[in-house]
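Residue-level structure breakdown
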Amino acid sequence: MKHRFKNEDELYITAVSMIAGILRLDETGFTKNRDVTKRITVSCRQASVLFSAILKAKGIPCRSRAGFMDFGNTGDSYMEHWVNEYWDFNENRWVLVDVDGYYEYEQRFGYSQFDLPRRKFVTASEAWIGLRKNILNKKLDVFLPNPLEGVCEYLFMDFHALMNHEIFYSYQPLYLRDGIHTLSESELKELDDLAELLSEPDKNMEQIEYLWTTNEKFSVLTNHTQNIYYDTFG
């Protein structure tokens, strides 16, 4: 069964495909103490997409978010990551959740991975605005030499996720194929404006949806290659 322990992200991009893969390996489905050789091997994005789908199927508002996570507890370094927000009707707030995290087993942290403090996660919009204005006081660990380039990728992943269109890691707008260093200042300003809207998605949802439906260059995608971390899930 050695072939089972590899990154299978490209095989399971959607929630439907992940559920089909899980059931194919073990028809009992989502059970505790599942044989590790009968789990799909996917990354944080896939875990986030699947969790969003499950909660939405139960009538609970939930959305995937792409950004940067403090995996320690010091705020020294933030790494590329996908999380979730679900709406708590009793408390009238979005709850930050990391279903791919390990915090539930780290009692020293004093919080659950199913209700994380906001300081744990830097949204892609916060990172973009911080870098562009040179006011970001948090260290981002991104895989690309130019941090702004890496943050730009996550900015569009977050934008699409908020529109219930969670794109794969390597999908990016076609017009960015040659890199953001080729963009004009007016085009960079467009991204600044997008980031400002995404920084408060509930307040700006009407404008975000307008961009989604009218600005084709933000939605016409091409495929890039990018290395990713992966975990087992299922």
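This report concerns the structure included in the present document. Being a predicted model, the structure only gives us computed values, none of them experimental.

Once that is clear, we can look at helix α1 (residues 15-25). Here α1 has its buried residues at Ala15, Met18, Gly21, Ile22 and Leu25. The buried side chains of α1 occupy one side of the element, clustering within an arc of 125° when seen end-on. In this structure, α1 carries Val16 and Arg24 as exposed residues pointing more than 90 degrees from its buried face. Next to the buried residues of α1 lie β1 (40-42) and α2 (44-57).

Counting 39 residues, the largest nonpolar core has Phe68, Trp82, Trp128, Tyr154, Phe156, Phe159 and Leu194 as its most contacted members. At the level of elements, β2 (62-69), β3 (78-88), α3 (124-132), α4 (147-162), α5 (185-198) and α6 (205-214) are the ones that each hand at least two residues to this core. When residues of this core are assigned to their parent elements, the largest contribution, 10 residues, is made by α4. Apart from the residues within four sequence positions on either side, Leu194 is in contact with Leu155, Phe156, Phe159, Leu211 and Phe218. Ranked by size, the runner-up nonpolar core spans nine residues in total, among them Tyr12, Met18, Val42 and Val49.

Here the focus is the packing of α3 against α5. Closest axis-to-axis distance for the α3/α5 pair is 8 Å, and the angle between their directions is 135°. One element, α3, and the other, α5, form an angle in the oblique class. In this structure, α3 crosses over α5, and the sense of that crossing is left-handed. Contact residues: α3 offers Ser125, Trp128, Ile129 and Arg132, while α5 offers Glu185, Leu188, Lys189, Leu191, Asp192, Ala195, Glu196 and Leu198. Within the contact of α3 with α5, the residues separate by chemical class into six nonpolar, one polar and five charged.

Conventions and cut-offs
Residues numbered from 1 in each chain as written. Predicted model: local features only at pLDDT ≥ 70, side-chain atom pairs only at ≥ 80, totals over all residues. Heavy atoms only, no water. Buried < 20%, exposed > 50% of the residue type's maximum accessible area, 1.4 Å probe, protein only. Helix = DSSP H or I, 4+ residues; strand = E, 2+ residues; numbered from the N terminus. Arc of directions from axis to C-beta. Contact = heavy atoms within 4.5 Å. Core = buried A, V, L, I, M, F, W, Y, C linked by side-chain atoms within 4.5 Å. Axes fitted to C-alpha atoms, helices over the stretch in contact; angles between N-to-C directions. Parallel < 35°, antiparallel > 145°, perpendicular 65-115°, else oblique. Left-handed = near helix turned anticlockwise from the far one by under 90°. Nonpolar A, V, L, I, M, F, W, Y, C, P; charged D, E, K, R; others polar.

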